[in-house]
Amino acid sequence: MANLSIPFHINESMTSTALITGITGQDGYYLSRLLLDKGYRVVGLVPPDRQESVTKLDDLADRVDIYSVDLTDSQALRLAVEQLLPTEVYNLAAPSFVPDSWADPLGTLDLITGTATRLLDAIRAVKLRTRFYQASSSEIFGDVQSAPQSEQTPFRPKNPYGAAKLHAHWTMVHHREHYGLYACSGILYNHESPRRPPQFVTRKISLAAASIKLGLTDRLVMGNLDAKRDWGFAGDYVQAMWQMLQMKAPDDYVIGTGCLHTVRDLVAAAFAAVDLDWTGYVEVDPTLIRADEHFQLVANPTKAKQKLQWTPQVSFEELIEHMVRQDLERLQAGTVAPLGGHSS
Ligand code: GDP
């Protein structure tokens, strides 16, 4: 394939600048913290109608520069790239809760694929030697025929979110191969933290276990306890993102722990963290069970281990205990509402 390498401008400033979309999400927080600790200037692009989400950056809010930019506006993105001259761009923006993508497939596609395309086009147009990270997802494997999955596993997305992530992934590959951009994709499995919203199963369970421990609620209603996932700690995964952009050559990497746990394991670990026997509190509501969940999404992170020397530092049990402890503290401080009973 033709490689239309273009002459690049070089960002001459001494400080590296990282431009992050989706900075106010879970990964944006951990990535910003990592990059600030490394001495980067961190800049976040936040859509005009989501400015209030900057408060989610908590202690980092004063340490990052936030610009109000509509991610669907190509001109505005190009201007941002032209003026900020980022050394690295991390494209994390996406509606993260997968089931929501059925309600708005086109909006999902535009936010995920459109933003990636517009950013890559902007880097190319401005002729920067910027390195680009695309937040890809295990959802691009979807209906898997084998486990674990590696960079060689065929992509068979099963929902609009996965399809959009796959389109963004290929768009990034095209820019790398056709234009010679330094662009990488991190195919990340479920990664969690106390910053996860409670519609995700890890946080739903940690918040409920803490709420029950404090006597604020008395039961937790769950979907499929046999569902399995490869869960890791978000703080470990942002380290892999950064490492991908420090390599000699750009490439794509599967990032996960390689270990499967059931939702039942998760519930047991969370309740054990507060010395409770989960069987006395947890009920299953069949209406919360998702159809078609027989597949096993589990990573084979061998390439990341060998090439990036990346290994997750926080175990499943440590992650869940950390999340429950944080929720206990927040409930006691009154900074979150209790959770229990029936919620999705
Ligand atoms: P996902 O992997 O992006 O869909 O992340 P989630 O945290 O939403 O779901 C992880 C797994 O937990 C899926 O297999 C769900 O079917 C399963 N699960 C079981 N009970 C629940 C529940 O009550 N809420 C959620 N969100 N997931 C549940």
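Bear in mind the structure is a predicted one, so any value in this text is a computation, not a measurement. (Residues numbered from 1 in each chain as written. Predicted model: local features only at pLDDT ≥ 70, side-chain atom pairs only at ≥ 80, totals over all residues. Heavy atoms only, no water.)

### Comments concerning the packing of aromatic side chains
Then step 1. Following the criterion strictly, the structure yields 10 aromatic pairs and no others.
Then step 2. When the centroid spacing of 5.4 Å and the interplanar angle of 90° are considered together, the rings of Tyr237 and Trp310 count as edge-to-face. Separated by 73 residues along the polypeptide, Tyr237 in helix α6 (residues 234-244) and Trp310 in the loop between α8 (302-308) and α9 (316-333) bring together distant segments of the chain. Grouping residues by exposure puts Tyr237 and Trp310 together as buried.
Then step 3. Every member of this aromatic cluster is reached through a ring pair, and the members are Phe141, Phe155, Trp170 and Tyr189.
Then step 4. Above the ring of Tyr253, the side-chain terminus of Lys303 is found at 5.0 Å from the ring centroid. (Phe/Tyr/Trp six-rings, centres within 6.5 Å; stacked < 30°, edge-to-face > 60°. Helix = DSSP H or I, 4+ residues; strand = E, 2+ residues; numbered from the N terminus. Buried < 20%, exposed > 50% of the residue type's maximum accessible area, 1.4 Å probe, protein only. Lys NZ or Arg CZ within 6 Å of the ring centre and 35° of its normal.)

### Some points on the side chain of Thr257
Then step 1. Tracing the sequence through the fold places Thr257 in the loop between β11 (252-255) and β12 (261-262).
Then step 2. Of the polar contacts made by the side chain of Thr257, one reaches the side chain of Asp230; its length is 2.6 Å.
Then step 3. Discounting chain neighbours no more than four positions away, the residues touching Thr257 are Asp230, Trp231, Gly232, Tyr237, Pro301 and Pro312. (Polar contact = N/O pair within 3.5 Å; in protein donor to acceptor, adjacent residues only side chain to side chain. Contact = heavy atoms within 4.5 Å.)

### Digging into the UniProt feature "active site" (unreviewed entry) in the protein
Then step 1. Mapped onto the present numbering, the UniProt feature "active site" (unreviewed entry) falls at Tyr189.
Then step 2. In this structure, Tyr189 sits in the loop between β6 (182-188) and β7 (191-192).
Then step 3. Taking the relative accessible area as the measure of exposure, Tyr189 reaches 1% and is therefore buried.
Then step 4. Excluding residues that lie within four positions of it along the chain, Tyr189 makes contacts with Ser138, Phe141, Gln149, Asp230, Tyr237, Val254, Ile255, Gly256, Leu297, Val298 and Ala299. (UniProt positions renumbered as here; feature names shortened; annotations may be inferred.)

### A word on the sheet that holds strand β3 (residues 65-68)
Then step 1. Across the sheet, which stays open at both edges, the 7 strands sit in the order β3-β2-β1-β4-β5-β6-β11 with parallel pairing between neighbours. Each of the sheet's edge strands pairs with one partner strand only, and the pair in question is β3 and β11. When the angles between neighbouring strand axes are averaged without regard to direction, this sheet yields 20°.
Then step 2. Together, β1 (17-21), β4 (88-91), β5 (131-137) and β6 form the strand contacts of helix α3 (residues 105-126), whose direction differs from that of β4 by roughly 170°.
Then step 3. Its contacts with the sheet put helix α4 (residues 160-179) on β5, β6 and β11, and the angle it makes with β5 is roughly 155°. (Pairing = 2+ DSSP bridges. Axes fitted to C-alpha atoms, helices over the stretch in contact; angles between N-to-C directions.)

### Comments concerning the pairing of β11
Then step 1. The alternating pattern of β11 places Asp252 and Val254 on one face and Tyr253 and Ile255 on the opposite face, and all of these are buried.
Then step 2. Across 4 bridges, the pairing between β6 and β11 is parallel. Pairing of Leu188 across the sheet is with Ile255, part of β11.

### Digging into the site of the ligand
Then step 1. Around the ligand, 16 residues are found, and the nearest of them are Val201, Lys204, Arg229, Arg290 and Glu293.
Then step 2. In the environment of the ligand, a nitrogen atom lies 2.9 Å from a nitrogen or oxygen atom belonging to the backbone of Gln199.
Then step 3. Contact with the protein chains covers 96% of the free accessible surface of the ligand, which is 540 Å². (Near = heavy atom within 4 Å. Areas by Shrake-Rupley, 256 points an atom, 1.4 Å probe, with all protein chains shown as cover.)

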